[in-house]
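Inside the fold
So the chains spell out like this:
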Amino acid sequence: MTVRYLTLDVFTPTPFGGNQLAVFPDARGIPEGLLLAITREFNFSEVTFCYPAEEPGHTRRVRIFTPDKEMPFAGHPTIGTAAALALAEGALPEGHGHFTFEMGVGTVPVDVRVESPTRAWAELSVAKLPEVGPQTPTINTLAEILSLEPSDLMGGALSPAAVSCGYPFLLVPVKSVAALGRARVRVDRWEQTLQRFWAPEIFVAARDEEQGPHHWRARMFAPGIRVPEDPATGSAVAAFGGWLAMKEPKDGAYAWSVDQGIEMGRPSRLDVSAVKAGGAVTAVKVAGRAVLVSEGTLRLG
C-alpha cells in the first residue's frame, strides 16, 4: 500500500528556507502504530496527518507529530497544512478563504491566500489565549543552560517567563543578537533543571534594532522532543506575542515580526499580532508563507 504526501517549507517565501514539513492529505489508510515511525523516517521537526473533520463545516482533523510524540498544537504544521490543502488539494477554488482545523488543542481557524501555484500565505488564530505558567528557574541557571553569562539575559518586565498558547515554552529574552548567536544548550544542565519543568522547550529572543522597533530575532531549542533546534516555531511565537501584549500598558492592537532559523541556515519570518482589551489579551494570530517543495508516495509495506 502507498500513501501520498507533500513536503513544504514553512515561514519562508522561497524553497529551502523556513521549517520543513511533510503533510499526508489523506491519512485514513495509515495504521495508527506507524504514525510516529513515519514521522521519524522524514526526520523533520513535524509531520501532519489529515483526516475527515468530525464536525460539520470544519475542514479537516489534523494530527501533528514530532519525532518524539504527538502534539496538541504547533504553528508551522498548521500554516503548512493549510498551504498544502490550498495549493495541491483544490480546497480553495477561488484562491483565498478560511479553513477550520480540529486539533488536540481545540478548533483552530486559519485564513489562507494563494499567491502563486507553489506559494501561499496563511494566518492562524490560537485556540487558547496565553497562559503564564509556574515560576521559571533563576537567571543564573538559565544562563548556564544556554552557555551564556547572566548579564546576557533580560530582567525586569522582560525577565524569563513560561507561557503557553496551547503548548508551553520557556521564553528567555536576551539583550543582543550577538548573545542570541552564542547560545548553546548544555543538555546535561537542561536534563537536571528543565526536563520535567512545565515548559521545557526554550525560546530565546533578542530585539533586532537594525530591523526596527517591532522586530525580534529568535531561536528555539527542544531537546526533549528530539528537536535540538527548530528553524521556525509558530506556537512559540504565538506565546511570545501574547506575552509581549500582556506587557503593553494600554489596550490596542499590536504586531511584531520574528526572524528565526538564521543560525541554522534556514531563515524564517513569522508575523505575530495580538489584541488587548479590558487589560487582557483577547486574540493572538501568527502568519507566514509556505512553499511546496515535493510530492511523492510512501510505501507502507
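Relevant structure appears above.
So, a few notes on the structure that sits alongside this text. Throughout, a residue's number is its position along its own chain's written sequence, starting from 1. Local features in this predicted model are restricted to residues whose pLDDT is 70 or higher, and side-chain atom pairs enter the listing and the counts only when it is 80 or higher, whereas totals over whole chains, interfaces and linings include all residues. Side-chain measures were taken over the full set of non-hydrogen atoms in the model, leaving aside hydrogen atoms and water.

Focus: the packing of aromatic side chains
Any pair of aromatic rings gets described here by the distance separating the centres and the angle formed by the planes. Only rings of Phe, Tyr and Trp enter the pairing, Trp through its six-membered ring, and a pair is recorded when the two centres are within 6.5 Å. The plane angle decides the type: under 30 degrees is stacked, over 60 is edge-to-face, the rest tilted. For the coordinates displayed, the defined rule picks out 12 aromatic pairs. Both rings, one in F24 and one in F42, keep their centres 5.9 Å apart while their planes meet at 80 degrees; by these two values the pair is edge-to-face. Here F24, found in strand β2 (residues 19-24), pairs with F42, found in helix α1 (residues 35-42); they are 18 residues apart in sequence, far enough to count as distant. Summarising the burial analysis for this pair, F24 and F42 share the class buried. Consider the rings of F42 and F44, whose centres lie 5.7 Å apart with planes at 50 degrees: the pair is tilted. Here F42 and F44 have matching classes, each one buried. Following the ring pairs from residue to residue traces out a cluster consisting of Y5, F24, F42, F44, F49 and F65. When the NZ atom of lysine or the CZ atom of arginine is within 6 Å of a ring's centre and also within 35 degrees of its normal, the charge is said to sit over that ring. We note R61 situated over the ring of Y51; from NZ or CZ to the ring centre the distance is 4.6 Å. Counting from the N terminus, the helices are the DSSP runs of H or I reaching at least four residues and the strands are the DSSP runs of E reaching at least two. Working definition: with a 1.4 Å probe on protein chains only, accessible area under 20% of the residue-type maximum means buried, over 50% means exposed, and in between means partly exposed.

Quick notes on the pairing of strand β13 (residues 215-222)
Put simply, side chains in a regular strand alternate between the two faces of the sheet. The element β13 is largely enclosed, with a buried count of 8 among its 8 residues. The side-chain alternation of β13 yields two buried faces, one formed by H215, R217, R219 and F221 and the other by W216, A218, M220 and A222. Bridge analysis of β13 against strand β15 (residues 252-260) gives 4 bridges, and the strand direction is parallel. Counterpart to H215 in the pairing with β15 is S257. For two strands to be treated as a pair, DSSP must find at least two bridges joining them. As paired strands, β13 and strand β14 (residues 227-230) are joined by 2 bridges and run antiparallel to one another. Across the sheet, A222 pairs through a bridge with V227, a residue of β14. The antiparallel pairing of β13 with β14 creates a hairpin that spans 4 residues between the two strands, and R226 there sits at a positive phi of about 65 degrees.

Regarding the side chain of T48
Inspection of the secondary structure puts T48 in strand β3 (residues 46-51). Apart from residues no more than four positions distant in its own chain, T48 is found in contact with L21, A22, V23, F24, V62, R63, I64, P77 and T81. Residue contacts follow a heavy-atom distance rule, with two residues in contact if any of their heavy atoms lie within 4.5 Å.

Focus: unusual backbone geometry
If you check the backbone angles, F11 has positive phi at about 70 degrees while not being a glycine. Structurally, F11 can be placed in the loop between β1 (2-10) and β2. By relative accessible area, F11 is classed as buried at 1%. Positioned with a positive phi, S147 is a non-glycine residue whose angle comes to about 60 degrees. Along the polypeptide, S147 turns up in the loop between α3 (139-145) and β10 (161-164). Overall, S147 belongs to the partly exposed group, its relative accessible area being 37%.

Remarks on the environment of D230
Within the secondary structure, D230 is located in strand β14. Its relative accessible area of 3% is what places D230 among the buried residues. Apart from residues no more than four positions distant in its own chain, D230 is found in contact with N19, S45, M220, Q260 and M264. Polar contact is the term for a pair of N or O atoms within 3.5 Å; when the atoms are in protein, one must be able to donate a hydrogen and the other to accept it, and sequence-neighboring residues count only if both atoms are side-chain atoms. Here S45 takes part through its side chain, which lies 2.6 Å from a polar atom of the side chain of D230.

Section: the environment of E295
Topologically, E295 is positioned in strand β17 (residues 280-299). With 31 residues separating them in the primary sequence, E295 and M264 have C-alpha atoms 24 Å apart. Excluding residues that lie within four positions of it along the chain, E295 makes contacts with R4, Y5 and L6. Within the structure, E295 has its side chain in polar contact with the side chain of R4 (distance 2.7 Å).

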